[in-house]
Amino acid sequence: MMLTQREREIIALLRRDPLAGPQALADALGSTRAAVNVHLSNLGKKGAILGRGYILREENAVVVVGGANVDVKVRSLAPVRQRTSNPGRAGTTAGGVGRNIAENLARLGTPTHLIAAVGRDAAGERLLADTAAAGVRLDHVHRSAHPTGTYTAVLDADGDLVVAVADMAATEALAPEDLHPARELIAHADMLVLDGNLPAEVLAHAMDVAQPAAVPVVIDPVSAPKAALLAPLLTARRPVFALTPNLDELRALLGRPVDDSEAEVTAAAGTLHARGVRHVWVRLGARGSVLSTAGEEAAFLPAPPAEVADVTGAGDAMLAAFVHALLAGGDPLDAARYGHAAAALTVQSPATVRPDLTPRLIEDALTDPTEPNHPIEPNDLNDPMRSQR
């Protein structure tokens, strides 16, 4: 961490006595309280200390940069009939891809900072309060002149998404300079997670801050249109640790058709490997996923069976659990299995982020460890029952 000599001295004193106040630190250093307060402020900006009480930065800290908005979910009580009124139930929760990933990580016990934009309105205050209550650090949230974003989803009676409308003006207005106060925090993170809802220039800026510091970058493309905007940023000079597209997003990233055959998916992943992406994790919904690692054989992972209550947020839980498992020392294939288990648990809950999600819950839900994940075989990706294994 790029600290001054005096900042390192303060960190050493706080390790011995985390409750030491500014005056006690000043006395120990032969300095003034005012000077120590300046150093403490700088240490907070650099992410070396967190919040009040001078809590030292934990290991395995993740910075998530992405969307934060209010989710309005409407679920029909019967199969949806188009172009007419459908009886149903509605609810409002905290949401946003980046924010959801951050909350899932925090619930799993990973120290997590969120960089996002919310409005200076009641919805933004409620969103921040709910997110902070889950354990996410919000020191670098940007307060936008735009209203807090909304994501309105219409779900069928079986919990599947029918249509959604997103108002992400606050996120879309983020600029690279809004990330400047968090540059040191990003540069010293153990992992940086980026949400494809971000403007391309913000994605590029965050990647450029992480790259010289060798911070692993994980990107969720979010949607096919957003993936198309992300594609030009994927170059060998901006290495990406992991990219998590579904098939539509994979097609958008490459700008060409990709069918769901073994040869096509692995070839598509190979193209992304050549553009600096180490792990390409292609999500196939209820069928499972394909994990392709540069220089290694691709593997198909079946999704565990789950009774669906609501599909919203499953992908966010999947990515968060993947990151959590990697930082805990798991290899990418085991981390992907861990992510699948978290997604299965999430779709069984009506909440976008399952409030009782814990590592123990995921570990208990994991499939029999004696059943191996296997290399892709012909027809694996075309077998609709594969996810039921």
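Counting starts from 1 at the beginning of each chain's written sequence and moves along it residue by residue. Where local features are concerned, this predicted model is filtered to residues with pLDDT of at least 70; where side-chain atom pairs are given and counted, the filter is 80 or more; whole-chain, interface and lining totals use all residues. With hydrogens and water set aside, each side-chain value is computed from the structure's full complement of heavy atoms.

J.: Sorry, what's going on with the pairing of strand β10 (residues 161-167) here?
T.: Taken residue by residue, a regular strand's side chains alternate between the two faces of the sheet. Pairing of strand β9 (residues 149-155) with β10 involves 6 bridges; the strand directions are antiparallel. Within β10, the residue paired with Ala 153 across the bridge is Ala 164. Hairpin connection between β9 and β10: a loop of 5 residues separates the two successive antiparallel strands, and Gly 159 in this loop has a positive phi of roughly 90°. Any two strands are treated as partners once DSSP identifies two or more bridges connecting them. Each helix is a run of H or I in the DSSP string that is no shorter than four residues. Each strand is a run of E no shorter than two, and both are numbered from the N terminus.

J.: Could you clarify how one ought to interpret the packing of aromatic side chains in this entry?
T.: Where two aromatic rings form a pair, the distance of their centres and the angle of their planes describe that pair. The pairing test for Phe, Tyr and Trp rings, Trp by its six-membered ring, is centres within 6.5 Å, and the orientation test on the planes gives stacked under 30 degrees, edge-to-face over 60, and tilted for anything in between. Under the definition given, this model contains 1 aromatic pair. When the ring of Trp 281 is compared with that of Phe 322, the centres are 4.7 Å apart and the planes differ by 40°; the resulting orientation is tilted. Separated by 41 residues along the polypeptide, Trp 281 in strand β14 (residues 277-283) and Phe 322 in helix α12 (residues 314-327) bring together distant segments of the chain. Here, a charge over a ring means that NZ of Lys or CZ of Arg falls within 6 Å of the ring centre while also lying within 35 degrees of the ring normal. Here the guanidinium or amino end of Arg 283 rests over the ring plane of Trp 281, the centre of that ring lying 5.8 Å away.

J.: When you look at the environment of Leu 250 in this model, what are you seeing that I'm missing?
T.: Tracing the chain through its elements places Leu 250 in helix α10 (residues 247-254). The exposure class of Leu 250 is buried, given its relative accessible area of 0%. Linking Leu 250 and Ala 224, residues 26 residues apart in sequence, is a C-alpha distance of 7.8 Å. By definition, residues are in contact when any of their heavy atoms lie within 4.5 Å. Residues contacting Leu 250, with those up to four places away along its chain left out, are Pro 245, Val 258, Ala 268, Leu 272 and Val 282. Here the term buried applies to any residue with accessible area under 20% of the maximum for its type, exposed to any over 50%, and partly exposed to those in between, with areas from a 1.4 Å probe on protein chains only.

J.: Explain the pattern of salt bridges here, please?
T.: Pairing of side chains with opposite charge becomes possible as their charged atoms draw close. The rule for a salt bridge is simple: a side-chain nitrogen of Lys or Arg has to be within 4 Å of a carboxyl oxygen of Asp or Glu. One pass over the structure, following the stated rule, counts 10 salt bridges. Residue Glu 103 pairs with Arg 107 through a salt bridge whose shortest N-O separation is 2.8 Å. Residue Glu 103 and its partner Arg 107 are both found in helix α4 (residues 97-107); the two are separated by 4 residues, about one turn of the helix. For Glu 103, a relative accessible area of 7% puts it in the buried group. Among the ionic pairs, Arg 360 bridges to Asp 364, the shortest N-O distance being 3.3 Å. On the criterion of helical spacing, the pair formed by Arg 360 and Asp 364 is a turn pair, its members being 4 residues apart in helix α14 (residues 359-365). The class for Arg 360 is exposed, based on a relative accessible area of 57%. One connected set of salt bridges, linked through shared partners, spans Arg 99, Glu 103 and Arg 107.

J.: Help me out: how do you make sense of the nonpolar core in this one?
T.: Counting 49 residues, the largest nonpolar core has Leu 192, Leu 194 and Leu 272 as the members making the most contacts within it. A per-element tally of this core places helix α8 (residues 200-210) first, with 7 residues. The residues touching Leu 272, leaving out its near neighbours within four places in the chain, are Leu 234, Leu 243, Leu 250, Leu 253, Leu 254, Val 277 and Val 280. Buried Ala, Val, Leu, Ile, Met, Phe, Trp, Tyr and Cys residues form a nonpolar core when they are joined through side-chain atoms within 4.5 Å. Membership of the second largest hydrophobic core comes to 47 residues, among which are Val 141, Val 323, Leu 326 and Val 347.

J.: Can you help me understand the sheet that holds β10 in this one?
T.: Backbone hydrogen bonds are what pair the strands of a sheet, in a parallel or an antiparallel way. As summarised here, the arrangement of the 4 strands in space is β5-β4-β9-β10, forming an open sheet in which the pairing is mixed. Strands with a single pairing partner mark the edges of an open sheet, and in this sheet they are β5 (88-95) and β10. Across this sheet, the average inter-strand angle for adjacent strands is 15°, counted without regard to direction. Between N-to-C directions, angles cover 0 to 180 degrees, with each direction set by a line fitted to C-alpha atoms, over the stretch in contact for helices.

J.: Can you help me understand the environment of Asp 208 in this one?
T.: Structurally, Asp 208 can be placed in helix α8. When the C-alpha atoms of Asp 208 and Arg 237 are compared, they prove to be 9.3 Å apart, with 29 residues separating the residues in sequence. Beyond its immediate stretch of four places on either side in the chain, Asp 208 contacts Arg 237 and Arg 238.

J.: Before we go on, may I ask you to explain the layout of surface pockets in this structure?
T.: One simple way to see leftover space: roll a probe sized like a water molecule over the atoms. Looking at the largest pocket, its volume works out to about 1,400 Å³. Of the residues belonging to the lining of the largest pocket, the class tally is 21 nonpolar, 15 polar and 8 charged. Put plainly, a pocket is an open set of points on a 1 Å grid over the protein atoms alone with protein on both sides within 12 Å along at least five of seven lines, a cavity is a set where a 1.4 Å probe fits but cannot get out, and a lining residue has an atom within 4 Å of a point. Grid points are joined across faces, edges and corners, and a volume is the space filled by probe spheres set on the points. Charged residues are taken to be Asp, Glu, Lys and Arg, nonpolar residues to be Ala, Val, Leu, Ile, Met, Phe, Trp, Tyr, Cys and Pro, and polar residues to be all remaining types, Gly included.

Remember that the coordinates give geometry; whether it matters functionally is a separate question.
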